[in-house]
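Now for the letters of each chain:
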Amino acid sequence: MTRPANPDFLNGVPELLVLRLLATRPMHGYEVVRAVKSASGDQFDFGEGCIYPVLHRLERSGWLTADRERVGNRTRIVYRPTPAGLTRLEDATAAWLAVVRGVDRVLGGGSDGEPGLA
Amino acid sequence: MANPVWLDQVRDAAERLGLPPEYTERLLEELDDHAEELDDAGEPHDRLGDALTIAGEAAAGYRSGRFSGRHPLFAFVLGPIFVFMFVWSLYTAFGDIVLGTFLIVAGEPGLAWGMGTVAFLEGFLVPAVTFAAIESYHRGSGRPRSWFYGGCLVVVCLAPFLVLEFGPATSSSPPSVFVKLELRRNGTELSAQMLSFLAIGAAVAFRSRRARALPITV
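Residues numbered from 1 in each chain as written. Chains lettered and ligands numbered in written order. Predicted model: local features only at pLDDT ≥ 70, side-chain atom pairs only at ≥ 80, totals over all residues.

Focus on the packing of helix α2 (residues 29–39) of chain A against helix α3 (residues 51–60) of chain A
All names here are of chain A.
Then comes step 1: Their axes nearest at 10 Å, the elements α2 and α3 cross at an angle of 110 degrees. Accordingly, the angle class assigned to the pair α2 and α3 is roughly perpendicular. Between α2 and α3, the contacting residues are G29, V32 and V33 on the first element and I51, Y52 and L55 on the second. (Axes fitted to C-alpha atoms, helices over the stretch in contact; angles between N-to-C directions. Helix = DSSP H or I, 4+ residues; strand = E, 2+ residues; numbered from the N terminus. Parallel < 35°, antiparallel > 145°, perpendicular 65-115°, else oblique. Contact = placed C-beta atoms within 7 Å.)

Quick look at the domain arrangement of chain B
Residues and elements named next belong to chain B.
Then comes step 1: Partitioning chain B into domains gives domain 1 (4–64) and domain 2 (67–212).
Then comes step 2: The centre of domain 1, based on its C-alpha atoms, is set 39 Å off from the matching centre of domain 2.
Then comes step 3: Counting from both sides, the interface comprises ten residues of domain 1 and, opposite them, nine residues of domain 2.
Then comes step 4: Here the side of domain 1 that touches domain 2 gets four residues from one element, more than from any other, and that element is helix α3 (residues 51–64).
Then comes step 5: Partitioning the side of domain 1 that touches domain 2 into residue classes produces six nonpolar, two polar and two charged. (Domains from an automatic or database assignment. Nonpolar A, V, L, I, M, F, W, Y, C, P; charged D, E, K, R; others polar.)

So, unusual backbone geometry
Residues and elements named next belong to chain A.
Then comes step 1: The backbone of D42 shows a phi angle near 60 degrees, a positive value even though the residue is not glycine.
Then comes step 2: Along the chain, D42 falls in the loop between α2 and α3.
Then comes step 3: According to the C-beta neighbour criterion, D42 is exposed, with 9 such atoms within 10 Å. (Buried ≥ 20, exposed ≤ 12 C-beta atoms within 10 Å, placed from the backbone.)

Some words on the environment of A23 of chain A
Then comes step 1: Topologically, A23 of chain A is positioned in helix α1 (residues 13–24).
Then comes step 2: Non-local contacts of A23 of chain A, meaning those with residues more than four positions away in its chain, are made with P81, L86 and L89 of chain A.

Looking at the sheet that holds strand β2 (residues 64–71) of chain A
All names here are of chain A.
Then comes step 1: An order of β1-β3-β2 is seen for the three strands of this open sheet, with the pairing classed as antiparallel. Among the strands making up the open sheet, the edge pair consists of β1 (27–28) and β2.
Then comes step 2: Pairing analysis gives eight bridges linking β2 to strand β3 (residues 74–81), with the strands arranged antiparallel. By the bridge assignment, T65 is partnered in β3 with R80. (Pairing = 2+ DSSP bridges.)

Here's what the structure looks like:
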């Protein structure tokens, strides 16, 4: 019998956030960064240029599409989630919530009566 | 517009890490656009982050989507051996067709010409196609060029021990073409064949290096 792999903790979080935000509306890289900062209450501090490798990886995985669109006098690459991306978002969200529930139980005291860590 | 020195740092790091120029160009285009947005918002460009970190993240992401990027040892040490064997197999099939054609067109006297042609072309076609194939999948791997050179070296070391031979002809068919492994070759033959492969490998590498040095417009 194969054992399920350990869930990723922070590995995959940027992808989850990006997919979630792009599910609300198509955006280009700068807008995604602003949306991450705004929706998280500025909880994440990262080099904004690092968003592009994340977007490109999601695009290569078939979870996003990228289209050049003319906005004003600029041409921008705008990202949208694909149906596979939306399915991936559902799965990743469920996996993340399971991790959060597990961590909460440990921090708040397990069912075996041991005191919580926090 | 982003600081050109910073963009150059990203470009240089991306090239050093083995990212294809087309991908680097797109990354730079998006970073440049991001910098313009920061200008419009009156924010500093250093929000974009460290050039080496971005190039490193881009390389890691690019490699993760490709077998040759994820498993470079397999792709550039064992892979070239399989590619080389496959190319040899194709070449023997091609040789059989050439000999059959010479037999049909020129009769039995034409067979000597056919064998000469097959033996002559072998020295160019087999290494050129092998190195081009390795270069082609290296290009998509997102790995530094040293992996490509390593793969070529594997082929150069193996090449002298594989020898093209002709089987006996029958009354109705031309001699068959096959390749045999000959471990005990004399030093002159070994050196000559290694040098010939090395020269063709260097030519393919030079051509590929020029193609990868396409000017990036951003």
